[in-house]
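A structural walkthrough
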Amino acid sequence: SQTIHQWPATLVQPVGSPLSLECTVEGTSNPNLYWYRQAAGRGLQLLFYSVGIGQISSEVPQNLSASRPQDRQFILSSKKLLLSDSGFYLCAWSGGGYGYTFGSGTRLTVV
Amino acid sequence: LAKTTQPISMDSYEGQEVNITCSHNNIATNDYITWYQQFPSQGPRFIIQGYKTKVTNEVASLFIPADRKSSTLSLPRVSLSDTAVYYCLVGSRGAGSYQLTFGKGTKLSVIP
């Protein structure tokens, strides 16, 4: 069966520090991968999606970037975090007919 | 991508049936309707998906009228553990592109 792993679960980072969140998928090949962000009390905002290795589409221009170095690995990065980058970050994959499967999320607090 | 409209919040007592309606007036022919459930600090979880008429699983039922411009998620006999945000999404299936846009969802509060 397919599983998705996302880490870390929580992260507290100072303003101006770099960020790297990693997501990996098991049990499937060539998945579509996504990064979402959810601010407190808000809906989910699609940040990036990828349909293959090295293929990244950005939905919202901002302080973040994404990379897909391997088929089942998706990384969210920032060179310098802003306070507004705080939120709940979710990785997801799709590849079949039932939409997304989400990871457990990373709670990022920028201080 | 079809836009969806659903109530921001709903309250219900334990044991009642809850119906959450979602409007999607510009749904495309190839679009499916999918509902997700999200608990605080967790990722959304798939509940049910349908294309037309009625779909039922062990968790919920999904009613879709013939014009498909709306859909209703029905949760039978809710319990406190059903308190969550429920998202309605429409989009086409397929491995090539299944990009969905999440709205703000409906926050369901179940009252004892």
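Summarised in this report is the structure supplied together with it. (Residues numbered from 1 in each chain as written. Chains lettered and ligands numbered in written order. Predicted model: local features only at pLDDT ≥ 70, side-chain atom pairs only at ≥ 80, totals over all residues. Heavy atoms only, no water.)

**Here we look at the pairing of strand S3 (residues 31-38) of chain B**
Residues and elements named next belong to chain B. Counting buried residues along S3, 7 of its 8 residues qualify, which places the element largely inside the surrounding structure. Where S3 meets strand S8 (residues 84-92), 8 bridges bridge the pair, whose relative direction is antiparallel. If you follow Tyr 32 over to S8, its bridge partner there is Gly 91. By the bridge criterion, 5 bridges tie S3 to strand S4 (residues 45-50) in an arrangement that is antiparallel. Each bridged residue has a counterpart across the sheet, and for Tyr 36 the counterpart in S4 is Phe 46. Connecting the antiparallel pair S3 and S4 is a turn made up of 6 residues, with Ser 41 showing a positive phi of about 60°. (Buried < 20%, exposed > 50% of the residue type's maximum accessible area, 1.4 Å probe, protein only. Helix = DSSP H or I, 4+ residues; strand = E, 2+ residues; numbered from the N terminus. Pairing = 2+ DSSP bridges.)

**Some points on the pattern of salt bridges**
All names here are of chain A. Taken as a whole, this structure holds 2 salt bridges over all chains when the rule is applied. Across the salt bridge formed by Arg 37 and Asp 85, the nearest N and O atoms sit 3.7 Å from each other. Here Arg 37 is found in strand S4 (residues 32-38), whereas its partner Asp 85 is found in the loop between strand S8 (73-78) and strand S9 (87-94), with 48 residues between them in sequence. Each member of the pair, Arg 37 as well as Asp 85, is classed as buried. Salt-bridge contacts for Arg 68 lead to Asp 71; the nearest nitrogen and oxygen are separated by 3.3 Å. With relative accessibility at 3%, the residue Arg 68 sits in the buried group. (Salt bridge = Lys/Arg side-chain N within 4 Å of Asp/Glu carboxyl O.)

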